[in-house]
Amino acid sequence: MSSQQHTLDASEIPKLTYREQRRADQAELRRLFPGRKRRGPTRGLKYASRRARNPEHKITVTFMDSVRRVVGENSAQFICDCSNWVEDICPLNTVNWAQMNPDKKEQLYSKILGKYNLPENVDGKPVIDSLSFQCSTLYRQWRYRLKEKHFRGKSLAQAKDSRPLTVDKDEWDWLVFEYWDSDKQKKRSKTNTDNKM
C-alpha cells in the first residue's frame, strides 16, 4: 500500500446499533441464500392437537409472583396459546392495552380461563391483573413484529400494500397511517430507541 492511500481509522467506521447490525446480517444471509426456507409464524399446532385429543382437560400453569409471568412446565404452551388468541381476538386499532375494548379483554380472559387452571391470586392480587400484564406484553410484541416486518424502512404506500392477510384492512390502515406515522408515535419511538443505546 502506498503512503498516498488513506486507511480507515477505527473511529471513522460508523458504529451500527444492535438492531441495525442484525438487519444487515439478515439481509446478507437472504442475499447469500435466496432460496432458503425461513421459519414461519408460530401457529401452535402441536398444542392444538393435544387439546383436540382431550378437549375438557384444563392445563395447570404457575405464575412467578415477583414478575407476574407464567413459569414452569406448561409455560411455552400457555404463551403460544395466549399469543394466538390475542391476535385472533384483539383489534390492532387501539392505542394501547389500557385502552383496549373491555368486551374484547373479557372475551380473551374467558377463553384463557376456559382452557387453563390458574391460581386465584398472584402476589396478593387477583390473577386477572397478572393475566392482563401477560396479554399486554403479547399484544405489544405482536405489533412490534408487524412494524419490523411490514412498516419499518418502507414508504407509506409500500407499508399499506404490505398488510398481512391475517390483519383486517381497516385496522391495518389505522395502524399505519394514524398510529405509526403520527408525530407523537414517531417521537416516542425515537426516544425509546435512543434509551436502548
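Look a little higher up for the structure.
Notes on the structure follow. (Residues numbered from 1 in each chain as written. Predicted model: local features only at pLDDT ≥ 70, side-chain atom pairs only at ≥ 80, totals over all residues. Heavy atoms only, no water.)

## Let's talk about the environment of Ile 112
- Take Ile 112: it is sitting in helix α4 (residues 102–115).
- Distance in space between the C-alpha atoms of Ile 112 and Lys 58 is 9.9 Å, their sequence separation being 54 residues.
- Ignoring sequence-local partners within four residues, the contact set of Ile 112 consists of Phe 78, Cys 82, Trp 85, Leu 118, Leu 131 and Cys 135. (Helix = DSSP H or I, 4+ residues; strand = E, 2+ residues; numbered from the N terminus. Contact = heavy atoms within 4.5 Å.)

## A word on the packing of aromatic side chains
- As enumerated under the stated definition, the model contains eight aromatic pairs in all.
- Arranged with centres 6.4 Å apart and planes meeting at 65°, the rings of Trp 85 and Tyr 116 form a pair that is edge-to-face. In this pair, Trp 85 sits in helix α3 (residues 75–89) while Tyr 116 sits in strand β4 (residues 116–117), placing the two residues 31 residues apart along the sequence.
- With 5.6 Å between their ring centres and 55° between their planes, Trp 97 and Tyr 139 make a pair best called tilted. In this pair, Trp 97 sits in the loop between α3 and α4 while Tyr 139 sits in helix α5 (residues 127–150), placing the two residues 42 residues apart along the sequence. (Phe/Tyr/Trp six-rings, centres within 6.5 Å; stacked < 30°, edge-to-face > 60°.)

## Quick word on the packing of α3 against α5
- Following both chains from N to C, one finds α3 and α5 inclined at 65°, their axes separated by 9 Å at the closest point. When the axes of α3 and α5 are compared, the pair comes out roughly perpendicular. For the element pair α3 and α5, the recorded crossing hand is right-handed. Each of Phe 78, Ile 79, Cys 82, Ser 83, Val 86 and Glu 87 in α3 lies in contact with α5, whose residues at this interface are Leu 131, Gln 134, Cys 135, Leu 138, Tyr 139, Trp 142 and Arg 145.
- Split by residue class, the contact of α3 with α5 holds nine nonpolar, two polar and two charged. (Axes fitted to C-alpha atoms, helices over the stretch in contact; angles between N-to-C directions. Parallel < 35°, antiparallel > 145°, perpendicular 65-115°, else oblique. Left-handed = near helix turned anticlockwise from the far one by under 90°. Nonpolar A, V, L, I, M, F, W, Y, C, P; charged D, E, K, R; others polar.)

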